[in-house]
Amino acid sequence: MIKIIDHLLVQEKLTLIRGEEIDRINFRGGIIEIGRWLAYELANTLEKENITVQTPLDTADGVRIKDKDDMVVVNVLRAAIPLVEGILRVFKDAQYGVVGAWRNDEPPFPVEVGYIKLPTVDDKIVVVADPMLATGNTMNAILERIKEKGNPRRLVVLNVIASKQGIECVKNNHPQVEIYTCAVDEKLNQDGYIVPGLGDAGDKAFGKPGP
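Residues numbered from 1 in each chain as written. Predicted model: local features only at pLDDT ≥ 70, side-chain atom pairs only at ≥ 80, totals over all residues. Heavy atoms only, no water.

Caption draft 1: Geometry of the overall build of the protein chain. The number of helices and strands found in the protein chain is 6 helices and 14 strands. Against the 2.2 N^0.38 benchmark of 17 Å for 211 residues, the protein chain shows a C-alpha radius of gyration of 18 Å, consistent with a compact globule. Expressed as lengths along the three principal axes of its C-alpha atoms, the size of the protein chain is roughly 65 × 40 × 25 Å. Counting all 211 residues of the protein chain, 46% fall into the buried class. Relative to all contacts within the protein chain whose residues are 6 or more apart in sequence, the contacts with residues 24 or more apart total 62%. Once the 26 positive and 31 negative side-chain charges of the protein chain are each reduced to a mean point, those two points are 2 Å apart. (Helix = DSSP H or I, 4+ residues; strand = E, 2+ residues; numbered from the N terminus. Rg over C-alpha atoms; globule rule 2.2 N^0.38 Å. Buried < 20%, exposed > 50% of the residue type's maximum accessible area, 1.4 Å probe, protein only. Contact = heavy atoms within 4.5 Å. Lys, Arg positive; Asp, Glu negative; His and termini not counted. Charge placed at Lys NZ, Arg CZ, Asp CG, Glu CD.)

Caption draft 2: Structural detail: the side chain of His 174. Considering the arrangement of structural elements, one finds His 174 in the loop between α5 (164–173) and β11 (178–181). Looking at His 174, its side chain comes within polar contact range of the main-chain oxygen of Asn 140, at 3.4 Å. In contact with His 174, other than residues within four places in its own chain, are Asn 140, Leu 143, Glu 144 and Lys 147. (Polar contact = N/O pair within 3.5 Å; in protein donor to acceptor, adjacent residues only side chain to side chain.)

Caption draft 3: View of the pattern of salt bridges. Enumeration according to the criterion identifies 13 salt bridges in this entry. The closest approach of N and O atoms between Glu 33 and Lys 13, which form a salt bridge, is 3.3 Å. Here Glu 33, found in helix α2 (residues 24–43), pairs with Lys 13, found in helix α1 (residues 8–18); they are 20 residues apart in sequence, far enough to count as distant. Of the charged contacts in the structure, one is a salt bridge between Glu 47 and Lys 66, with a shortest N-O distance of 3.3 Å. Taken together, the residues span a long stretch of sequence, with Glu 47 in the loop between α2 and β2 (48–54) and Lys 66 in the loop between β3 (59–65) and β4 (71–77) at a distance of 19 residues. The class for Lys 66 is partly exposed, based on a relative accessible area of 36%. Residues joined by salt bridges that share partners form a network here, namely Asp 67, Asp 70, Asp 123, Lys 124 and Arg 153. (Salt bridge = Lys/Arg side-chain N within 4 Å of Asp/Glu carboxyl O.)

Caption draft 4: Broad picture of the pairing of strand β9 (residues 154–158). Of all 5 residues in β9, 5 are buried; the element is thus mostly enclosed. Covered by surrounding structure in β9 are Arg 154, Val 156 and Leu 158 together with Leu 155 and Val 157, the residues of both alternating faces. Note that strand β7 (residues 125–129) and β9 share 5 bridges and pair parallel. Bridging across to β9, Val 126 finds its partner in Leu 155. Note: β9 against β11, 3 bridges, orientation parallel. Across the sheet, residue Leu 158 finds its bridge partner in β11, namely Tyr 180. (Pairing = 2+ DSSP bridges.)

Caption draft 5: A look at unusual backbone geometry. Residue Pro 196 is reached from Val 195 by a cis peptide bond, and omega for that bond is 10°. Assignment of secondary structure puts Pro 196 in the loop between β14 (194–195) and α6 (199–205). One non-glycine residue, Asp 123, lies in positive phi territory at about 60°. With respect to the helices and strands, the residue Asp 123 is situated in the loop between β6 (111–117) and β7.

Right, dumping it as structure tokens:
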């Protein structure tokens, strides 16, 4: 399942952070805000139940989200730190995992997962946050390691920008994964970076060299 978040406020924020003149502070703030919107979209798919609540005057009908306590948010270091910050502002009670993965800059862009620390993932909704889904190699490696740890109920990827190639690569290897993104760009350059992507401010903020 691919879900593109086309809400006008999200698309305006994405436009702002893509701008060439954006500084790191406003870029990071924009990523945090987008993380919140992505989390809101995901929250709307969670299982709920109808309940009754006592108000100061009478009872009222309401809802309770049943599985929000079954969330595991995985931070792909270090690019996803601001994105995860926004996500955790919505899923405050989520458990937290960390993955350190490095992609070689030479084709075919092999990936090394050097560190992974996760809570129990069996029957959990595992949310992997990574701002960019470019070649898909890094995400595939991370998802494989998560599956080695257990059997999640749902595997969800939240990112800001994806490439068509990256989406296809991940879906071919992990057809059950759900991908939420704000934009799908057409192509990658020879270095495996999304074009037009997020530009120099994004690369610096994510701790990566410019393409």
